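So you can see what is in the structure, the chains are spelled out below.
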Amino acid sequence: SEALTRLRATTRGLRLVTNQSQETPAATLARLHALGFHVDHQHIFSTVAAVRCLVDQKQLRPIFLLTEGALEAFEGVPMHEPN
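The following refers to the structure shown. (Residues numbered from 1 in each chain as written. Predicted model: local features only at pLDDT ≥ 70, side-chain atom pairs only at ≥ 80, totals over all residues. Heavy atoms only, no water.)

**Observations concerning the overall build of the protein chain**
Helices and strands together make up the secondary structure of the protein chain, namely four helices and two strands. Helices and strands appear in the protein chain in the N-to-C order α-β-α-β-α-α. Taken over C-alpha atoms, the radius of gyration comes to 15 Å for the protein chain, far larger than the 12 Å a tight globule of 83 residues would show. Here the C-alpha coordinates of the protein chain stretch approximately 50 × 25 × 15 Å along the principal axes. Looking at the protein chain as a whole, 24% of its 83 residues qualify as buried. The long-range fraction of contacts in the protein chain, counting pairs at least 24 apart against all pairs at least 6 apart in sequence, stands at 46%. Accessible area of the protein chain: about 6100 Å², with a carbon and sulfur share of 56%. Looking at the protein chain, you have 8 positive and 8 negative side-chain charges, and the mean spots of the two groups are 12 Å apart. (Helix = DSSP H or I, 4+ residues; strand = E, 2+ residues; numbered from the N terminus. Rg over C-alpha atoms; globule rule 2.2 N^0.38 Å. Buried < 20%, exposed > 50% of the residue type's maximum accessible area, 1.4 Å probe, protein only. Contact = heavy atoms within 4.5 Å. Areas by Shrake-Rupley, 256 points an atom, 1.4 Å probe, with all protein chains shown as cover. Lys, Arg positive; Asp, Glu negative; His and termini not counted. Charge placed at Lys NZ, Arg CZ, Asp CG, Glu CD.)

Right under this line is the structure:
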């Protein structure tokens, strides 16, 4: 947490990128908070979030092979007749 504080003081912006693909960004945020890191949800970009953006932009209807936790990030995405 002290390292993040120093980074924030010396940079123009801070974003955390994670390749965690089995949990939602909200779960990653909760885990970071539990470890004592003070970050906001808008500062985390995960593989799950990147895929959700792509699915939305291209209006995809994918077949999901995800954990239940990761599947939560795709609420509202149509899953009928995958394309």
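**Comments concerning the environment of L14**
Summarising the element assignment, L14 is placed in the loop between α1 (2-10) and β1 (16-18). By relative accessible area, which is 16% here, L14 ends up buried. The contacts of L14, once residues within four sequence positions are left out, are L4, L7, R8 and H43.

**Quick notes on the pattern of salt bridges**
For the structure shown, the criterion picks out three salt bridges. The partner of E23 in a salt bridge is R31, with the nearest N and O atoms 2.6 Å apart. (Salt bridge = Lys/Arg side-chain N within 4 Å of Asp/Glu carboxyl O.)

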